[in-house]
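Take a look at the letters that make up each chain.
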Amino acid sequence: MKTLIMATAAAALAAGSAVADVKVGMITTLSGGGASLGIDTRDGFMLAIEAAGRDDIEVVIEDDQRKPDIAVQLADKMIQSEKVDVLTGIVWSNLAMAVVPAATAQGLFYLSTNAAPAQLAGKGCNSNYFAISYQNDNLHEGAGAYAAKEGFKNTFIMAPNYPAGHDSLNGFKRYYEGDLAGEVFTKLGQTDYAAEIAQIRASGADSVFFFLPGGMGISFLKQYADSGVDLPVVGPAFSFDQGILQAVGEAALGVKNSSTWSKDLDNAANAAFVADFQQKYDRLPSIYAAQGFDTANLLLSAMDKADVNDDAAFAEALKSADFASVRGAFSFAANNHPVQNVYVREVIKEGDIYTNKIVGTALESHANAYVDECKM
Amino acid sequence: MTRETIFNAVLLLGLIAVPTWALIMDQPFTITLATRAVILALAAAGLNIALGIGGLVSLGHAVFFGIGGYAMGILAHHAQSYTAMMQWPFVIEGTKFMPVIWLVACLVAGLIAWVIGILSLRTTGAYFIMITLAFGQMFYYFAVSWSAYGGEDGMSIYVRNDFPGLNTLAPIQFYGLCLTLLVIVLIFTARLRKSPFGLALNAARQVPARLDAVGLNPVRLKLVAFVISGVITGLAGALFADLNRFVSPTMFSWQFSGEIMVLVILGGVGRLFGPVAGAVTFVALEHFLGGLTEFWHIFLGMILLAVVLFARGGITGLVAGKEASHD
Amino acid sequence: MSTILIIEQVLNGLQSGVMLFLMAAGLTLIFGVMGLINLAHGSLYMVGAFAAAAVAGLTGSFVLALIAALAAAALAGAVIETLVIRRLYDSDHLDQVLATFALILIFSEGTRWVFGSFPLFLDIPDALSGPVTLPGGIEYPLYRLALIVAGLLVGIGLWVLIERTRVGIQIRAGENDREMIAALGVDISKLYTLVFALGAALAGLAGALVGAIQSVQVGMGEPVLILAFVVIVIGGIGSIKGAFIGALLVGLTDTLVGIFLPEVLKLFMEAAPATSTGSAIASMSIYILMSLVLIWRPSGLFGARA
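Residues numbered from 1 in each chain as written. Chains lettered and ligands numbered in written order. Predicted model: local features only at pLDDT ≥ 70, side-chain atom pairs only at ≥ 80, totals over all residues. Heavy atoms only, no water.

1. Focus on the overall build of chain B
Phase 1 of the analysis: Broken down by element type, chain B carries 13 helices and four strands.
Phase 2 of the analysis: Relative to the compact-globule value of 20 Å for 327 residues, chain B shows a C-alpha radius of gyration of 20 Å, a close match.
Phase 3 of the analysis: When each of the 327 residues of chain B is scored for burial, the buried share is 61%.
Phase 4 of the analysis: Within chain B, residue pairs in contact and separated by at least 24 positions form 77% of the contacts whose partners lie at least 6 positions apart.
Phase 5 of the analysis: Here chain B displays about 12,800 Å² of accessible surface, and carbon together with sulfur accounts for 70% of that area. (Helix = DSSP H or I, 4+ residues; strand = E, 2+ residues; numbered from the N terminus. Rg over C-alpha atoms; globule rule 2.2 N^0.38 Å. Buried < 20%, exposed > 50% of the residue type's maximum accessible area, 1.4 Å probe, protein only. Contact = heavy atoms within 4.5 Å. Areas by Shrake-Rupley, 256 points an atom, 1.4 Å probe, with all protein chains shown as cover.)

Right under this line is the structure:
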């Protein structure tokens, strides 16, 4: 092992003189609703960059306000005027769809810290595009696999009526084996779920799967806990993230959720990451922070191996995923999306703080459903 | 020459000079920002006809902007995927030819404006504001759930559409195209205001009773103004989609309707170059304040408040004083 | 589809309608008396929810949280009325829309500045948590029943205030003839500040009550604001009675169409597209309702003839 590290370091030294500086453009949501996700992405990413203490990388950060047209404008600015080599940071799939295809078509690298829509994993895949987070369906597939393992026979499933919501229910159904007690699409941004909870009560379901990111999930969980309906609930990590769990409170206790990362994942990189993040920012990291941190480390590892101006070599270096992920074993599938475990977490209370602990593994070394559609 | 004419001339010169300078200095992003300002100015110029001349406070103009955007998005989407838009009763193909896209955007926006106008103009005052807002919400939710065209994700167009004789991917050429359209629309607006129709419309806003007396129907006049206004904003939407090579339901959002209105009022309601002054100021504020602080919306809000409370007539009013022919 | 489910859904519709009424009552009162369109009304709702969450977090008392919500929203209302809104009474709707739009920007980002970007926690008081069994075997959350009762009580209180008290007489006079009440020696600017603060307090109360079962976050006010506008336009701007009927109509339509339309569509088409199409139409339903009402009666159900 030690010799291997030495060898890598020597190779890095040898290549050192030829390797150019890398300029990174980070576009993420720092103001308005949803800012907490972007702030965590940025803080996780910068934690790794600052820890590396290198002077051959520069990061430009801009706020997209969660508006697609602003994101496109910022991407233009970063490409045309800042002349960045790598773009990263977008939280939302609809913003990613606005920025990524144009960026990769202009020869830039895009490293996704979060959003990874199906279109970019299948037919629209690109050798310059890497999702370090997951493929969007992964957590829903994990939830479906968990429901199957638990022996749920009659699950009620719901998601907002927009593309990510449809992908979510499809992802769940891909691994779930029982019947559906009901399948409901709610309004995007809906805040009152009394009507859906009444439907759940009347449906004879034995369990509930929901995908309601952000404030929608907070509302649903609070109302569900108060409704007296006492069925097991499972969902993807988005509604159980460190940033919003405190706002859900007791209502989330005991709920199972699928995630590719958790702060109690047992590996050295993760332990160091959680401790450093807490020390620097005085709060617990979220999955967005973890993904930002991994993205930065992947980029740094590729910079040691290849010149960013040599597209093919740099893509090769990225694809080798030669970094210590806080998620443990990590590699890329043929379509540049992760192969990783999907875990099941349970919401617990540690002192005064609500957080998650891992209780099982839903899917091992899981890739995604679009690998075969991707022709690179 | 009045002070306003001089101010307008300076603005127009600036719109030519700044991008030229950016071209020489190789600052393509400045050109992109200028293009954004010009397109937003065009959208606001559309609203200015309904709002400034017709007195119609529409909080739903994002509808037309979004329709223009989706006209471009849908046509180009089918052209780039080589699928027909419609198979029956006759085949309609997509296109990447800008003039056709613009024509479709204007026609559909005009048609929808006519329908919304007929229904909304039955009401006045606050009711009119709210019913236009409601139509905006209807289109927004429709677009969000219209999965065939991307739903909430929207649609990406990989290459900008074509215009004969131009390389539209070169920022300065696309900018020139947008600026030309803006100037054409401003000339049209200027002539419209002086035309019998414009004068009658102005009267319909200020003293509707007098119009009734001479046998003109003020509601019909306002409807025509509303349709023209929708057509222009629709054209702006198609250009905006081409600038970003992307359309999404946020083009329909009520916040966007509010922003277009902000542009008009910031620049000066009813002033010919008001939308231009407003859009240029807004884009500049967004760019510079946004670079200074995450919380730049607070300062934007304060500037807007200051304009409403202390600078009636907006920037144009501030610089050029009261308009002689109006109010 | 069982009767129990239908009754439960009607209760849900009533509950959301009653909360909308708290928002809409303030909005329509402010419009009726001062002729002002207040887009920032949703921000006052947010202020109420944040104040409640902050105080509940410090003291653990829901009652204190509600008092804080009322006080904070009323105070915020009085401050913006004195500093900004007062100068807008004589302006046209356009200036009002823009100025209050600017206030939304200031309030939203200001709140984020003070409280940060993460949602806050506000919970149902223990005494009201959990479900109760209604006659007929319907299980229903006690807190939601309490919301219905609270909303109705506030409605009655408003009616008494406006119909039976001296201030109410002044308010009604203000709606009809401003010069007259000034001539009667009423301090009109004080009356306006009072009405605005009252409307703000109602919004803040709604924010705190609803915040306990929803997410307390920046921007939570805007969706409610738009619904409240739909309500007062349907009811007729300026009419409290109209706001009440309109709020119930909107609450019931929004809830019932969302549940039953997909079921109805499933009779004609496959399940998946039926669910998706049904929810698409349902999300537009209240706006369709509003346009239909306005086409039928251009000044709303109980509005003064324009």
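2. A word on the state of the cysteines
Phase 1 of the analysis: Within this structure, the stated rule accounts for one disulfide over all chains.
Phase 2 of the analysis: Disulfide pairing places A:Cys125 opposite A:Cys374 at an S-S distance of 2.0 Å. Where A:Cys125 bonds to A:Cys374 through sulfur, the torsion about that S-S bond is close to 85°, and the disulfide is right-handed. Of this pair, A:Cys125 sits in the loop between helix H5 (118-121) and strand S5 (129-131) while A:Cys374 sits in the segment after strand S13 (353-366), and the two are 249 residues apart along the sequence.
Phase 3 of the analysis: Residue A:Cys125 is classed as buried on the basis of its relative accessible area of 10%.
Phase 4 of the analysis: Of all cysteine sulfurs in the structure, the one in B:Cys106 sits closest to B:Cys178, which takes part in no disulfide; the separation is 13 Å. (Disulfide = S-S within 2.5 Å.)

3. What to know about the packing of helix H2 (residues 35-52) of chain A against helix H11 (residues 268-281) of chain A
Packed helices, taken two at a time, are described by the angle their axes make and the gap between the axes.
Residues and elements named next belong to chain A.
Phase 1 of the analysis: Two elements in contact, H2 and H11, have axes whose closest approach is 11 Å; the angle formed by their N-to-C orientations is 105°. Taken together, the axes of H2 and H11 lie roughly perpendicular to each other. Where H2 abuts H11, its residues Asp40, Asp43, Gly44, Met46, Leu47 and Glu50 lie against Phe273, Asp276, Phe277, Lys280 and Tyr281.
Phase 2 of the analysis: A per-class count over the contact of H2 with H11 returns five nonpolar, one polar and five charged. (Axes fitted to C-alpha atoms, helices over the stretch in contact; angles between N-to-C directions. Parallel < 35°, antiparallel > 145°, perpendicular 65-115°, else oblique. Nonpolar A, V, L, I, M, F, W, Y, C, P; charged D, E, K, R; others polar.)

4. Looking at the packing of aromatic side chains
Phase 1 of the analysis: Summed over all chains, the structure comprises 36 aromatic pairs over all chains.
Phase 2 of the analysis: Here A:Phe330 and A:Phe332 contribute two aromatic rings whose centre-to-centre distance is 5.3 Å and whose plane-to-plane angle is 85°, an arrangement assigned as edge-to-face. Take A:Phe330 and A:Phe332: they sit in the same class, and that class is buried.
Phase 3 of the analysis: One aromatic cluster is present, built from ring pairs that chain together A:Tyr193, A:Phe210, A:Phe220, A:Tyr224 and A:Phe240.
Phase 4 of the analysis: It is A:Lys187 that lies over the ring of B:Tyr141; its NZ or CZ is 5.2 Å from the centre.
Phase 5 of the analysis: Over the ring of C:Trp296 we find C:Arg297; its NZ or CZ atom is 5.6 Å from the centre of that ring. (Phe/Tyr/Trp six-rings, centres within 6.5 Å; stacked < 30°, edge-to-face > 60°. Lys NZ or Arg CZ within 6 Å of the ring centre and 35° of its normal.)

5. Considering the nonpolar core
Phase 1 of the analysis: If you look at the biggest cluster of nonpolar residues, it comprises 346 residues, and the most contacted ones within it are A:Leu87, A:Phe220 and A:Phe273.
Phase 2 of the analysis: With 18 residues, helix H2 (residues 28-53) of chain B is the single largest residue contributor to this core.
Phase 3 of the analysis: Not counting residues within four places of it along the chain, the set of residues in contact with A:Phe273 comprises A:Leu47, A:Trp261, A:Pro285, A:Ala289, A:Ala290, A:Phe293 and A:Val326. (Core = buried A, V, L, I, M, F, W, Y, C linked by side-chain atoms within 4.5 Å.)

6. Comments concerning the interface of chain A and chain B
Phase 1 of the analysis: On the side of chain B, 28 residues touch chain A, which itself brings 28 residues to the contact.
Phase 2 of the analysis: For the chain A and chain B pair, buried surface summed over both sides reaches about 2,500 Å², with 53% attributable to carbon and sulfur atoms.
Phase 3 of the analysis: If you look at where chain A meets chain B, you find three salt bridges.
Phase 4 of the analysis: We note a salt bridge from A:Asp76 to B:Arg245, for which the minimum N-O separation is 3.6 Å. (Buried area = accessible area lost by both parts, 1.4 Å probe. Salt bridge = Lys/Arg side-chain N within 4 Å of Asp/Glu carboxyl O.)

7. Focus: the interface of chain C and chain B
Phase 1 of the analysis: Each side of the interface is counted separately: chain C has 43 residues, and chain B has 40 residues.
Phase 2 of the analysis: Both sides together, the interface formed by chain C and chain B hides about 3,900 Å², and carbon and sulfur atoms give 82% of it.
Phase 3 of the analysis: At the junction of chain C and chain B, the tally comes to four residue pairs in polar contact (both at pLDDT 80 or more).
Phase 4 of the analysis: Put simply, the parts of the chain that give the side of chain C that touches chain B at least two residues each are helix H4 (93-115), helix H9 (221-235) and helix H11 (271-296) of chain C.
Phase 5 of the analysis: It is H4(C) that provides the largest number of residues to the side of chain C that touches chain B, a total of 16 residues.
Phase 6 of the analysis: Grouping the amino acids of the side of chain C that touches chain B by side-chain chemistry returns 29 nonpolar, nine polar and five charged. (Polar contact = N/O pair within 3.5 Å; in protein donor to acceptor, adjacent residues only side chain to side chain.)

8. Here we look at the pairing of strand S4 (residues 109-112) of chain A
All names here are of chain A.
Phase 1 of the analysis: Every second residue of S4 is oriented toward a common face, with Phe109 and Leu111 on one face and Tyr110 and Ser112 on the other, all of them buried.
Phase 2 of the analysis: Bridge count between S4 and S5: three bridges; the pairing is parallel. By the bridge assignment for S5, Ser112 is matched with Ala131. (Pairing = 2+ DSSP bridges.)

Worth remembering: the numbers are spatial, not functional.
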